[in-house]
Every structure is written in C-alpha cells, then in structure tokens.
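Here is what each chain is made of, one letter per residue.
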Amino acid sequence: MEKQQKTIGILTSGGDAPGMNAAVRAVVRTALYKNMRVIGIRRGYSGLLARDMVEMNLRSVCDTLHRGGTILYSARCPEFREDKGVERGREVCTEIGIDGLVVIGGDGSFRGARDLSLKGVPCIGIPGTIDNDIACCDYTVGFDTAVNTVMDMVDKLRDTSQSHDRCSIVEVMGRHCGDIALHAGIACGALAILVPEVPFSIDAIVQKMQRTLRTGKKHFIIMVAEGVTSVNGIGTVYDIAREIQERTGVESRATVLGHVQRGGAPTARERVLASEMGYHAVELLEQGIGNRVVVSHDNKIVDYDILEALNMKKEFNKHLYDIADVISI
Ligand code: ADP
Ligand code: F6P
C-alpha cells in the first residue's frame, strides 16, 4: 500500500538564537528529500494557535544559513502553558494534518513539545538557545556564536581599558547559566569570571587584582554572568564597578552587552551543529518517534526523552573554571 505522505511542522520558540535558521533549513531540506510536506509555523506556539503558517519548499530556506535570528520569527505564548492551550494546539495540528512537529527553542519550549507529544502529536525538540543551559546537551545552537560575539566585543573593550589603565566589568547573558561568561571569560583573558554556579566574594577579586597590579598589570576585564547579579545580593555590575574602583583605586567601567549577544551570523561550528540536529530530528519523525530532544553529546548527535532531559542536572565545568582562575593572573 502506498505510504501516506507525512506532513511535519516546524517552529522556533522562546529567545531566538543564531543558528536557528540553519536548523530550519536542514529540517526543510531533509523532509523534502524524504518526500514529506513541511509547514513553517511563525512566532512559536502563538503562531500554531493562530494558524500563522506557510508551506515551505526548497527555496523557502535559501540564503538563510548564514543569517542570525529566525525566518519563522519567535514568540512566547503564555496560553500554551495551560492544558487548554496545548489542546487547541493539538486540534490545529489535526485540522491542518500535521503529523509531527519540530520545536527549536529552550527548556520552556520543550515542555510545550512534551505536552503536545503526550496529546498525540509527535514533537522533536532542537536546543536553540544561547544560554547553553540544556543539561544533556554539550552545546546548544546559538551558544558558540554568542561566545564569539562576546569575545569580539570584549576585545574592543580591552583596547580602551588598556589605553586608560582601567577595569571593564562586563555583564553577559545566559539567564541562570554561567557558560557564556566562563567560555568568553577564558577567551578574553578575564581576571575574574563571576557565575551563578560558583559563590564568589568581592574581597577575593580585589585581593587578586591588587596582587596582579603589583606584577605591573594595569588594565583588567571582569566577566559577570547576568544570573549572578540576581543572587548573592551583589547588586548590579555598576555597583561592582564602583566598589572595585573604591577599593583598588583602578578606574572601573561597567558594560552590559545585552541583546547583541542574540544576533549575528552563526559561526561555522553552529551551522554544522544545527544542520546535523535538523537532519536527525526529521529522521525521528519519519519513524513516528516523538517526545524526544536532539542534543550534541560527546561529539555525537543523539536524542533523549524530553522529560528525562529536562530532569537532568546541568553540571557546571568547575575544572575549566579553575583553569581560568589560574591562567588569568
Ligand atoms: P525557552 O524555550 O527559550 O526556555 P520560554 O521559557 O519563554 O523560552 O518558553 C517558550 C514558550 O514555551 C513559552 O512562551 C510557552 O509557550 C512554552 N512553555 C514554556 N514553559 C512551558 C510549560 N511548562 N508547559 C508548556 N509550555 C511551556
Ligand atoms: O534565553 C535567552 C536569553 O537571551 C537569556 O540569556 C536572557 O536572559 C533572556 O533570553 C532575555 O529575554 P528577552 O529576550 O525576553 O529579554
């Protein structure tokens, strides 16, 4: 009997990330290669509920691989956090004839994907978030590009800090995860890297800075993950800058890099990772498999049950953190 042609949907959800377009492109091209139809759903789950969608063909994703952002737009959809919202999503999928869905987003989006899978619409998550906060995934789509963006910007900051013998305190994104700060901190030679995963003290930073001043170093970079400033009662990066200046005598300036970290052309590594994940996601849907998240693990692309993945505890790379502390004096 003729195998019925599958139709899959694809959407991007939550905070956007460079590389999402590469994943979308791989999903569309792989699905069309496997003789499936592909429905692009705009603006995440909101678009699903609003039926804001378009059939995609080979040309729909041309000239997108190198672009940041997401051609399918992204959004947050509070309604989908309720069962009735997910039920409406299921109804739309049934109505349109969507046999499976690829959801590119973070942990929140994966919860929606799991809820929809449990209602009978097989969903596959692809971790698209700069935060790198998906425990079972070594590198999420967006992380490598964000780290390189931070590195480029902090290298510029270093120029002016060096010219004025100053200390630059830089706040980076990551929500509650310190990976962007850790990796960019090492890449930029930060004197100190403040992350939510490791308690720290201003005293220790001041003492390290004074020790380093005595060796003749006169300008400094301190990297601060945004998740730090909401704990430890440390206040903002502006408060940290003021305290460091008062206690060391080194002129200090705070810089919040903000949403530039979410944009930019994805790196080569990002494009390859996203393409592999997109291909793997379609292979799963082709077999009727859902409720899985595709991840990079030990340099391989594998998949986990969504709830199992979300329940895993992310291990912070304390060894890398300690290396950074040693080599940054
Ligand atoms: P991210 O996917 O980057 O973590 P959010 O946490 O904002 O971003 O989640 C994106 C969307 O996923 C939300 O707007 C909502 O539609 C859906 N979502 C988030 N959490 C849940 C949940 N617990 N159950 C169902 N859907 C959820
Ligand atoms: O989850 C990605 C992220 O960029 C976080 O690092 C950051 O805290 C958050 O999104 C910002 O959210 P919004 O784009 O809604 O301001």
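Student: Describe the site of ligand 1, and please don't skip the residues or the numbers.
Tutor: In the vicinity of ligand 1 lie 15 residues, with Arg76, Cys77, Gly106, Gly108 and Ser109 positioned nearest. Between Asp107 and ligand 1, the recorded distance is 3.0 Å, taken from a side-chain N or O atom to an oxygen atom. For ligand 1, whose free accessible area comes to 550 Å², the fraction covered by protein is 88%. The cavity that encloses ligand 1 is the largest pocket. With 6 residues, helix H4 (residues 107-118) is the single largest residue contributor to the shell around ligand 1.

Student: Kindly report on the domain arrangement of the chain, identifying the contributing residues and their values.
Tutor: Domain annotation of the chain identifies domain 1 (7-142 + 266-311) and domain 2 (145-262). A straight line from the C-alpha centre of domain 1 to that of domain 2 covers 34 Å. Carbon and sulfur atoms supply 48% of the area buried between domain 1 and domain 2, which totals about 1,000 Å² over both sides. Interface area lost by domain 1 to domain 2 is led by Asp16, Ile130 and Asp131, which between them contribute 46%. At the junction of domain 1 with domain 2, the criterion picks out 2 salt bridges. In this structure, Arg262 engages Asp16 in a salt bridge whose closest nitrogen and oxygen atoms are separated by 2.7 Å. At the boundary of domain 1 and domain 2, one finds 5 residue pairs in polar contact (both at pLDDT 80 or more).

Student: Lay out unusual backbone geometry in plain terms, naming residues and giving numbers.
Tutor: Of note, Asp165 is a non-glycine position whose phi angle comes to about 50 degrees, a positive value. Tracing the backbone shows Asp165 in the loop between helix H5 (143-163) and strand S6 (167-172). Even without a glycine there, the phi angle at Asn291 is positive, about 60 degrees. Assignment of secondary structure puts Asn291 in the loop between helix H9 (268-286) and strand S10 (292-297). Owing to a relative accessible area of 14%, Asn291 belongs among the buried residues under this scheme.

Student: Can you lay out the nonpolar core for me, pointing to particular residues and giving the numbers?
Tutor: Counting 103 residues, the largest nonpolar core has Ile10, Leu48, Ile169, Leu194, Ile222 and Met223 as its most contacted members. Both domains that furnish three or more residues to this core are identified here as domain 1 (7-142 + 266-311) and domain 2 (145-262). What Leu48 contacts, discounting residues up to four positions off in sequence, is Ile41, Arg42, Met53, Phe80, Gly89, Val92, Cys93 and Leu116.

Student: Quick one: what's the story with the layout of surface pockets, residue by residue and with numbers?
Tutor: Which parts of space are left empty comes out when a probe the size of a water molecule is rolled across the atoms. In this structure, the largest pocket spans a volume of roughly 640 Å³. Contributing to the lining of the largest pocket are 30 residues, with Gly14, Arg76, Arg81, Gly108 and Ser109 lying nearest its centre. Counting residues per element, the ones that place at least two in the lining of the largest pocket are helix H2 (44-49) and H4. Residue composition of the lining of the largest pocket, by class: 7 nonpolar, 12 polar and 11 charged. Residues lining the lining of the largest pocket come from more than one domain, with at least three contributed by each of domain 1 (7-142 + 266-311) and domain 2 (145-262).

Student: Describe the pattern of salt bridges, naming the residues involved and giving the relevant values.
Tutor: Taken as a whole, this structure holds 20 salt bridges when the rule is applied. Here Asp179 and Lys314 are joined by a salt bridge, their closest N and O atoms 3.1 Å apart. Within this pair, whereas Asp179 is found in helix H6 (residues 179-187), its partner Lys314 is found in the loop between helix H10 (306-311) and helix H11 (318-327), the two being separated by 135 residues in sequence. One salt-bridge network, in which partners are shared between bridges, spans Asp83, Glu87, Arg90 and Lys119.

Student: Kindly report on the sheet that holds strand S2 (residues 37-41), identifying the contributing residues and their values.
Tutor: Pairing is mixed in the open sheet, where 7 strands are placed in the order S3-S2-S1-S4-S5-S10-S11. Looking at strand neighbours, the two that pair on one side only are strand S3 (53-56) and strand S11 (300-305), the edges of this open sheet. Strand-to-strand, the axes of this sheet are offset by a mean angle of 25 degrees, without reference to chain direction. Pairing of S2 with S3 involves 4 bridges; the strand directions are antiparallel.

Student: Give a description of the packing of aromatic side chains that names residues and reports values.
Tutor: Counted according to the given criterion, the structure contains 3 aromatic pairs. Both rings, one in Tyr45 and one in Phe80, keep their centres 4.0 Å apart while their planes meet at 5 degrees; by these two values the pair is stacked. With a gap of 35 residues between them, Tyr45 in helix H2 and Phe80 in the loop between S3 and helix H3 (83-96) connect regions that are remote in the sequence. A relative accessible area of 4% means that Tyr45 is categorised as buried. With a centroid separation of 6.0 Å and an interplanar angle of 20 degrees, the aromatic rings of Tyr139 and Phe143 are classed as stacked. The exposure class of Phe143 is buried, given its relative accessible area of 2%.

Student: Account for a nonpolar patch on the surface, naming residues and giving values.
Tutor: Together, Ile323, Val326 and Ile327 give the surface a local cluster of nonpolar side chains, amounting to about 290 Å² of exposed area. Mapped onto the secondary structure, Val326 falls in helix H11. Residue classification places Val326 among the exposed positions, given a relative accessible area of 59%.

Quick notes on the rules
Residues numbered from 1 in each chain as written. Chains lettered and ligands numbered in written order. Predicted model: local features only at pLDDT ≥ 70, side-chain atom pairs only at ≥ 80, totals over all residues. Heavy atoms only, no water. Near = heavy atom within 4 Å. Polar contact = N/O pair within 3.5 Å; in protein donor to acceptor, adjacent residues only side chain to side chain. Areas by Shrake-Rupley, 256 points an atom, 1.4 Å probe, with all protein chains shown as cover. 1 Å grid on protein atoms, 1.4 Å probe; cavity = no way out; pocket = protein on both sides within 12 Å on 5 of 7 lines; lining within 4 Å. Sits in = over half its atoms within 2 Å of the grid points. Helix = DSSP H or I, 4+ residues; strand = E, 2+ residues; numbered from the N terminus. Domains from an automatic or database assignment. Buried area = accessible area lost by both parts, 1.4 Å probe. Salt bridge = Lys/Arg side-chain N within 4 Å of Asp/Glu carboxyl O. Buried < 20%, exposed > 50% of the residue type's maximum accessible area, 1.4 Å probe, protein only. Core = buried A, V, L, I, M, F, W, Y, C linked by side-chain atoms within 4.5 Å. Contact = heavy atoms within 4.5 Å. Points joined across faces, edges and corners; volume = space filled by probe spheres on them. Nonpolar A, V, L, I, M, F, W, Y, C, P; charged D, E, K, R; others polar. Pairing = 2+ DSSP bridges. Axes fitted to C-alpha atoms, helices over the stretch in contact; angles between N-to-C directions. Phe/Tyr/Trp six-rings, centres within 6.5 Å; stacked < 30°, edge-to-face > 60°. Patch = residues over 30% accessible without salt bridge, like charges linked within 9 Å, V, L, I, M, F, W, Y side chains within 5 Å.

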